[in-house]
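# Results of the structural survey
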Amino acid sequence: MLKAKILKCSDPEAWYSDRIGEIFEVFEQSKFLPFSSVFDLDHKAKIISNDDASFFQELTQSELEARASVAADLFREGEVTRVEVFRTEVDAVLGRNSGDLKFEKNTDFKDGTM
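Residues numbered from 1 in each chain as written. Predicted model: local features only at pLDDT ≥ 70, side-chain atom pairs only at ≥ 80, totals over all residues. Heavy atoms only, no water.

## Quick notes on the overall build of the chain
Formally: Numbering of helices and strands runs from the N terminus; a helix is a DSSP stretch of H or I covering at least four residues, while a strand is a stretch of E covering at least two. For every residue, the accessible area obtained with a 1.4 Å probe (protein chains only) is divided by the maximum for its type, and the residue is called buried under 20%, exposed over 50%, and partly exposed between those limits. In this analysis, two residues are considered to be in contact whenever any of their non-hydrogen atoms come within 4.5 Å of each other. Where accessible areas are quoted, they stem from the Shrake-Rupley method and a 1.4 Å probe; at the residue level, only the protein chains shown are allowed to cover.
Secondary structure assignment for the chain yields 3 helices and 5 strands. Taking all 114 residues of the chain together, the buried fraction comes to 32%. Across the chain, the fraction of contacts at a sequence separation of at least 24, relative to all contacts at a separation of at least 6, is 45%. Here the chain displays about 7,400 Å² of accessible surface, and carbon together with sulfur accounts for 55% of that area.

## As for helix α1 (residues 61-76)
Operational definition: The span you would expect from a helix comes to 1.5 Å times its residue count less one. In this description, the arc belongs to the directions extending from the helix axis to the C-beta atoms.
For α1, with 16 residues, the first-to-last C-alpha span of 23 Å sits near the 22 Å given by 1.5 Å per residue. Taken together, the buried positions of α1 are Leu64, Arg67, Ala68, Ala71, Ala72, Leu74 and Phe75. Around the axis of α1, the buried residues are gathered within 165° of arc, so they sit on the same side. Once α1 finishes, glycine 78 follows within two positions and takes phi at roughly 80°, a positive value.

## Observations regarding the packing of α1 against helix α2 (residues 82-94)
The following threshold applies: Where helices are involved, their axes are fitted lines through C-alpha atoms of the stretch in contact, as for all axes, and angles between N-to-C directions lie from 0 to 180°. Roughly parallel covers angles under 35 degrees, roughly antiparallel covers those over 145, roughly perpendicular covers 65 to 115, and oblique covers all other angles. Helix crossings are classified by the rotation of the near helix relative to the far one: an anticlockwise turn of less than a right angle makes the crossing left-handed, while a clockwise turn makes it right-handed. In this classification, Asp, Glu, Lys and Arg are treated as charged, Ala, Val, Leu, Ile, Met, Phe, Trp, Tyr, Cys and Pro as nonpolar, and every other residue, Gly included, as polar.
The contact between α1 and α2 brings their axes to 8 Å, and the two run at 165°. Looking at the two axes, α1 sits roughly antiparallel to α2. As α1 packs across α2, the resulting crossing turns out to be left-handed. Here Gln61, Leu64, Glu65, Arg67, Ala68, Ala71, Ala72 and Phe75 of α1 come into contact with α2, specifically with Arg82, Val85, Arg87, Thr88, Glu89, Asp91 and Ala92. The residue makeup of the contact of α1 with α2, split by class, is 7 nonpolar, 2 polar and 6 charged.

## Focus on the pattern of salt bridges
Worth spelling out the cut-off: We count a salt bridge whenever a side-chain nitrogen from Lys or Arg sits within 4 Å of a carboxyl oxygen from Asp or Glu.
Enumeration over the complete set of coordinates arrives at 9 salt bridges. As a salt-bridge pair, lysine 105 and glutamate 79 come within 2.8 Å of each other at their nearest N and O atoms. Of this pair, lysine 105 sits in the loop between α2 and α3 (108-111) while glutamate 79 sits in the loop between α1 and α2; the two residues are 26 residues apart in sequence, bridging distant segments of the chain. On the basis of relative accessibility, which here comes to 25%, the residue glutamate 79 falls in the partly exposed class. Three or more residues joined by partner-sharing salt bridges are found here, namely Arg67, Glu84, Arg87, Asp91 and Arg96.

Here it is as structure tokens:
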């Protein structure tokens, strides 16, 4: 399920001007228009500016655990850092998604500094 986290509010008159940091369920994200439609807490459709929000996919517990396992494999291949593996492991324990995998070359596993 796609979610939107309000990061800022470009228009002080917008309905979400006092809701920075809150997360909403997205039911339509426009790729051609500068806004998306979300449900507020009362399940009413509202519009937010795409520039004011961060969009992310909500993952199930098993998907979070699988992502942590994949991150560990990618670490051994030198494609992500140990910090990134730790972040995905914490996400799996807490049952939350803190963002997509961030790829960054490393030699830590080969150097034995794991």
